[in-house]
Amino acid sequence: MNKYLKNLNRVEFVVTSACTGKCIHCSQGEHRTSESIDNELSTECLRKIAQEYNIESVMTFGGEPLLCPDTVCNIHSAAKELNIPQRQLITNGFFSKYSERINKVAETLIESGVNEILISADAFHQEKIPLEYVKMFANAVKNENIRIKISPAWLVSSDNDNPYNNKTRKIVEEFNRMGIEAGEGNVVFPSGNALKYLKEYFDLSEKIKNPYDEDPTDICAICFSANGDILGGNIYKQDIIQILDSYSPEKKK
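*Asks:* How should I be thinking about the environment of A50 in this particular structure?
*Replies:* Note that A50 resides in helix α1 (residues 39–52). Residue classification places A50 among the partly exposed positions, given a relative accessible area of 24%. Sequence separation of A50 and I230 is 180 residues, and the distance between their C-alpha atoms is 16 Å. When near neighbours in sequence (up to four residues on either side) are disregarded, A50 contacts I55 and L82.

*Asks:* For this particular structure, what's the right way to read the side chain of S151?
*Replies:* Assignment of secondary structure puts S151 in the loop between β5 (147–150) and β6 (153–154). Once residues lying within four places of it in the same chain are set aside, the contact partners of S151 are L118, I119, S120, A121, D122, G185 and N186.

*Asks:* When you look at the sheet that holds strand β8 (residues 221–224) in this model, what are you seeing that I'm missing?
*Replies:* Sheet strands line up and pair through hydrogen bonds in the backbone, either parallel or antiparallel. Read across the sheet, six strands follow the order β5-β4-β3-β2-β1-β8 without closing on themselves; strand pairing throughout is parallel. A strand with exactly one partner marks an edge of an open sheet, and here the two such strands are β5 and β8. With strand direction ignored, the average angle separating the axes of adjacent strands in the sheet is 15 degrees. Bridge analysis of strand β1 (residues 10–16) against strand β2 (residues 57–62) gives six bridges, and the strand direction is parallel. In the sheet register, V14 faces β2, and the bridge partner there is F61. Lying on the sheet, α1 is in contact with β1, β2 and β8; it crosses β1 at an angle near 175 degrees.

*Asks:* Which parts of the structure should I look at to understand the packing of aromatic side chains?
*Replies:* Aromatic ring pairs are reported here in terms of the distance separating the ring centres and the angle at which the planes meet. Here the structure, examined in full by the defined rule, presents six aromatic pairs. Plain terms: the ring middles of F94 and Y133 are 5.7 Å apart, the flat faces sit at 25 degrees to each other, and that makes the pair stacked. Of this pair, F94 sits in the loop between β3 (86–91) and α3 (99–112) while Y133 sits in helix α4 (residues 131–141), and the two are 39 residues apart along the sequence. Y133 gets classed as buried once you look at its relative accessible area, which sits at 14%.

Rules of the game
- Residue positions are given per chain, counting from 1 as you read along its sequence in written order.
- A pLDDT threshold of at least 70 governs which residues receive local features in this predicted model, and a stricter bar of 80 or more applies before side-chain atom pairs are shown or counted, although totals over entire chains, interfaces and linings include all residues.
- To get the side-chain values, all heavy atoms of the structure are used, and hydrogens and water are removed first.
- Numbering goes from the N terminus for both helices and strands, where a helix is a DSSP run of H or I of at least four residues and a strand is a run of E of at least two.
- Three labels apply to residues, based on accessible area from a 1.4 Å probe with only protein chains included: buried if under 20% of the type maximum, exposed if over 50%, partly exposed otherwise in between.
- Residue contacts follow a heavy-atom distance rule, with two residues in contact if any of their heavy atoms lie within 4.5 Å.
- When DSSP finds two or more bridges between two strands, those strands count as paired.
- Here, axes are lines fitted to C-alpha atoms. For helices the fit covers the stretch in contact, and angles between N-to-C directions go from 0 to 180 degrees.
- Here a pair means two rings of Phe, Tyr or Trp (six-membered ring of Trp) with centres within 6.5 Å. Their orientation is stacked below 30 degrees between planes, edge-to-face above 60, and tilted elsewhere.

Structure representation (structure tokens):
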């Protein structure tokens, strides 16, 4: 086992870079590509990793992951079979306008073993995404075996008084009336679109640490990109265990 990964316990998948949001706060930028990770290879990688490491959490996100629901469900089905306790999905909730399609995807998510869904709903997402379809999805996945929370993006901080946060609070209230609470969410990080469109809200005179950066000498979570990149390697070119075994902090740089 690689000494830099001895505490690895979480695996994340960017299922696709395609997105229905195109949000101005997105740290990933404009999402100009629509790459999607291979369905079978992603689950194969998860199984191999779980044989070597004590994985306690799996998360799928994007882009908008439910543009590729089969891949999402296969990953979580594998995680359930592997007895990985936390199986999270982050989605903006908008992948279709048709109730039949929304209900079908919701049904397969429940069957796959997803046990926590975080819905990205806030002023930024709702500039582009009709809330009615997000609510339709939220109602479809409300199930006693799945925890559902709204995961809003806050600008500056969750208690800052600005037009975006004020609108987000109203959106959160709408879901509260549906019986769906909001989690902590996240604070917008100045990169990608956020740095382009919202720079007046950031103090750029000092470097802001990315809250998602891992200690490169003690990796606890790894994330597969939609194109297969992971820890300086790529799963289409090299076996995942070889990639993990050969990882070093210098290589990650």
